[in-house]
Amino acid sequence: MITRRMAALRLDIPLEMAQRHDLPARLTEAELAQIESNPPDWLVQSRANRTGKKPVWVELRCDVCGFSEAARPKKWWPAFTYLTCDDHGADELPEPAAGLSRTEVDGVGTRFIGIVDETP
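Residues numbered from 1 in each chain as written. Predicted model: local features only at pLDDT ≥ 70, side-chain atom pairs only at ≥ 80, totals over all residues. Heavy atoms only, no water.

Chemist: Can you explain the overall build of the protein chain? Please cite residues and give values.
Modeler: In terms of helices and strands, the protein chain carries four helices and seven strands. Seen in sequence order, the protein chain has helices and strands lined up from the N terminus as β-α-α-β-α-α-β-β-β-β-β. Considering only C-alpha atoms, the protein chain reaches an extent of 55 × 30 × 20 Å along its principal axes. Burial analysis of the protein chain (120 residues in total) assigns 30% to the buried set. Within the protein chain, counting contacts between residues at least 6 apart in sequence, those at least 24 apart form 46% of the total. (Helix = DSSP H or I, 4+ residues; strand = E, 2+ residues; numbered from the N terminus. Buried < 20%, exposed > 50% of the residue type's maximum accessible area, 1.4 Å probe, protein only. Contact = heavy atoms within 4.5 Å.)

Chemist: A description of the pairing of strand 3 (residues 58-61) should follow, citing residues and the corresponding values.
Modeler: One ladder, built from four bridges, connects strand 3 with strand 4 (residues 68-71); its direction is antiparallel. Looking at strand 4, one finds that Val58 is bridged to Ala71. Between strand 3 and the antiparallel strand that follows it, strand 4, lie six residues; Gly66 among them carries a positive phi value of about 90 degrees. (Pairing = 2+ DSSP bridges.)

Chemist: Account for the sheet that holds strand 7 (residues 112-118), naming residues and giving values.
Modeler: Overall, antiparallel pairing links the three strands, which are arranged 5-7-6 in an open sheet. Of all strands in the sheet, those bounded by a partner on one side alone are strand 5 (82-85) and strand 6 (101-108). Within this sheet the neighbouring strands show an average axis-to-axis angle of 25 degrees, counted without direction. As paired elements, strand 5 and strand 7 share four bridges and run antiparallel to each other. Each residue of the ladder has a partner; that of Leu83, found in strand 7, is Gly114. (Axes fitted to C-alpha atoms, helices over the stretch in contact; angles between N-to-C directions.)

Chemist: Which residues make up the packing of aromatic side chains, and what values do they have?
Modeler: Within this structure, the stated rule accounts for three aromatic pairs. Each ring, one from Trp76 and one from Trp77, has its centre 6.3 Å from the other, and the planes form 90 degrees; the classification is edge-to-face. Judged by its relative accessible area of 47%, Trp76 falls in the partly exposed class. A network of ring pairs unites the aromatic residues Trp76, Trp77 and Phe80 as a single cluster. For Arg111, the ring lying beneath its charged end belongs to Phe67, and the centroid distance is 4.4 Å. (Phe/Tyr/Trp six-rings, centres within 6.5 Å; stacked < 30°, edge-to-face > 60°. Lys NZ or Arg CZ within 6 Å of the ring centre and 35° of its normal.)

Chemist: Give me helix 1 (residues 4-11): which residues, what numbers.
Modeler: Three- or four-residue spacings in an α-helix give side chains the same orientation, since the helix completes a turn every 3.6 residues. When we look at burial in helix 1, the residues that qualify are Ala7, Ala8 and Leu11. All buried residues of helix 1 fall inside an arc of 100 degrees around its axis, so they share one side. In the core, the buried residues of helix 1 are packed alongside strand 1 (2-3), helix 2 (15-20), strand 2 (26-27), helix 3 (29-37) and helix 4 (41-49). Asp12 lies just past helix 1 and shows a positive phi near 60 degrees. (Arc of directions from axis to C-beta.)

Chemist: Which residues make up helix 4, and what values do they have?
Modeler: Along helix 4, the residues classified as buried are Trp42, Leu43 and Ser46. Projection of helix 4 onto a plane perpendicular to its axis shows the buried side chains occupying an angular sector of 100 degrees, all on one side. In helix 4, the exposed residues that point more than 90 degrees away from the buried face are Asp41 and Ala48. In this structure, the buried residues of helix 4 make contact with helix 1, helix 2 and helix 3.

Below, the structure written as structure tokens:
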């Protein structure tokens, strides 16, 4: 069985859209394959409206341990130099290059901290 969240991820649609269009909380592989092979009108329209400027889902991967999760990107996320799980220390990453300052961005995904190295 596949959860609604996993189905949304595989269909490349927001979870809210999956809920709005009554995708069940759990689907079988066959049900998902049927939706993918014969998409409903709302899914066809959604894909036609996509501009490709902002991805629906991104994979967040810790640069220290490799833990990953799929998340909906937020408008306020800057371009991260590194991503780490919130249980890793800053000493586990390479030092910023000469002339760059480092800032941390909390609240990325469910457990990540974004690291941004930029000129001051």
